[in-house]
Amino acid sequence: MGVLTHLDQFKDETELTKTIEHLQDHFQTEICEGATIFHLSCLNDYELYKMLEVQKLAEAISMLRFRTPSWRAEHPYVLVDRFEDVTPPEKLHKDANCKRIIGLCGHLRGCNIKSGSKVHLAGVGDFRLDGVRSTADPSPLSSEMEKENDFFEPPHMKKKRFRTGTYIRLEVHDVPFSIVENFDPCHPILVGGINHEEDNVGCMQARLKRHDWHMKLLKSEDPTTVSAGWRRYQTIPIYAMELDTKQHESAKYIPQYEHCLAMFWGPLAPPHTRIAVVQGNKEVFRIRATAVVLDPKHHSKIVKESKLKGKPHKIRGRRAPIKFTPDTDVDKVIGASIRTWTEIRGKVDEATKKEGIAKCTFKSKIDFHDTVIMPVFRQVEAPRVHYPLAALEPHDYIVPVNKDSLKQGDPAAHRQLRLAQQRRSVKFPDADPCSYSFLKYLMLSYMTKNVRRKTVVVMSEEKRGALTMKRKREERKKERRWRRLDTRLLFNF
């Protein structure tokens, strides 16, 4: 669900309706089919949204049915809430930088898992689970859940398979010591299961489209960061557009508004896996494009136009054997169009016994010094390279900004610096700060990097003071009215 605001800026109702319809279509295209948009009309006199609209929005949110993405439903995964380094002390004493044995605890989601399964530790790499067992949940939802875990523990221990919802402990061996050295409790650790198909590396094709909020076009053979499934890695893709002949020709840039074909090398992902093409942390908007992995059974050949050059071997009127490079397979180019630098056109008639020489016919007689050009399409492949991205370095909440590099008087740069130094969270206080019983001021808690907190009310001090003065004036008016009424009653009496 999306929420539209600032609609009061539109004065024309027709323009407002068209804008809402356009954003609705765009939202469904970028997010998913069936996604809806809720729009808030305007603010009231107290700089707040209308309570009736907020109530309707809250009801719509409470009735939403969250769909589990197919990827999560088909893969086991654990969002770790407890991390343990169980490396033997004698091993650490010999080498402090040795590979570690770690224990990871959390609730199992997605689907079932068993010991010996292969998993991907996000930002670290692929590992084989050396042990999986159920353990006591430190924060059980209810006593029924606790009994259910105890009930399923004995049979699953025999089968070495655990159901979703079970609180489990994963043991992983030979993990780089950096994950322990740079461990940050504020940075989540995700463990995702991978199947046999995803354990291999190969060439994939995907249907890709530039994100409308990314201003630049992607270029073929430029290093690109891909987020597919649990993995993030850098690869060098090739983009292509479909021709009228149902072939795909390599393109230098992706189209601005249309879909195109992307071919790249990396860890294989199942068909229909959604991919996000992202860029560096320093950019304002990081999503560059979105894509969907295509079925390998329907992969297309990507060709690129190249020009073969040849020289006349002998000239007999309008006919002449042309000598191209020795590796040219003339049998495959019979009937192809050719031309000279002077725009004398012709075609390839037949091959000769000598390699790379073809008998050709031209519309007029050519000169012995002419260079003959034959445009051909050759199949291209994506470079067979990919670089997994590690996340073992110390983490900042937001990528830091160098203060010395900021331009003087640049408000956008300084705003980026303020955002980089602050992390926002939302709180609703228990007590109402004003006399209106239905209002609860939304408060923002800014947590800086050194974990110092300060709470700021969204409504400014000036507006709050003006509201308080207005309320006091109204109360004084009421008191005066009551006094006048009392005086009249006494006078009449």
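Residues numbered from 1 in each chain as written. Predicted model: local features only at pLDDT ≥ 70, side-chain atom pairs only at ≥ 80, totals over all residues. Heavy atoms only, no water.

## Re the environment of His26
Okay, step 1: Among the secondary structure elements, His26 is positioned in helix α1 (residues 13-30).
Okay, step 2: His26 sits 186 residues away from Asp212 along the chain, and the two C-alpha atoms are 9.2 Å apart.
Okay, step 3: Apart from the residues lying within four places of it in its own chain, the contact partners of His26 are Asp212 and Trp213. (Helix = DSSP H or I, 4+ residues; strand = E, 2+ residues; numbered from the N terminus. Contact = heavy atoms within 4.5 Å.)

## Quick word on the nonpolar core
Okay, step 1: Membership of the largest hydrophobic core comes to 20 residues, with the highest contact counts inside it found for Ile102, Leu104, Ile113, Leu121, Ile168 and Leu170.
Okay, step 2: Mapped onto this core, the elements with two or more residues apiece are β5 (100-109), β7 (118-121), β8 (125-134) and β10 (167-175).
Okay, step 3: In terms of residue count, the dominant contributor to this core is β10 (four residues).
Okay, step 4: Contacts of Leu121, omitting those with residues within four sequence positions, involve Ile102, Leu104, Phe127, Ile179, Ile189, Leu190 and Val191.
Okay, step 5: Counting residues in each nonpolar core, the second largest holds 18 residues, with Ala206, Tyr233, Ile254 and Phe264 among its members. (Core = buried A, V, L, I, M, F, W, Y, C linked by side-chain atoms within 4.5 Å. Buried < 20%, exposed > 50% of the residue type's maximum accessible area, 1.4 Å probe, protein only.)

## Focus on the packing of aromatic side chains
Centre distance and the angle of the planes are the two values used to describe a pair of aromatic rings.
Okay, step 1: Here the structure, examined in full by the defined rule, presents two aromatic pairs.
Okay, step 2: An angle of 45° between the planes, with centres 5.5 Å apart, marks the rings of Tyr77 and Trp230 as tilted. Of this pair, Tyr77 sits in strand β3 (residues 77-79) while Trp230 sits in the loop between β13 (224-228) and β14 (231-235), and the two are 153 residues apart along the sequence. Here the two residues Tyr77 and Trp230 agree in accessibility, since each one is buried.
Okay, step 3: Between Phe83 and Phe183, the aromatic rings sit 4.7 Å apart at their centres with planes inclined by 15°, giving stacked as the arrangement. Of the two residues, Phe83 is situated in strand β4 (residues 82-85) and Phe183 in the loop between α6 (178-181) and β11 (190-193); the sequence distance between them amounts to 100 residues.
Okay, step 4: By relative accessible area, which is 19% here, Phe83 ends up buried. (Phe/Tyr/Trp six-rings, centres within 6.5 Å; stacked < 30°, edge-to-face > 60°.)

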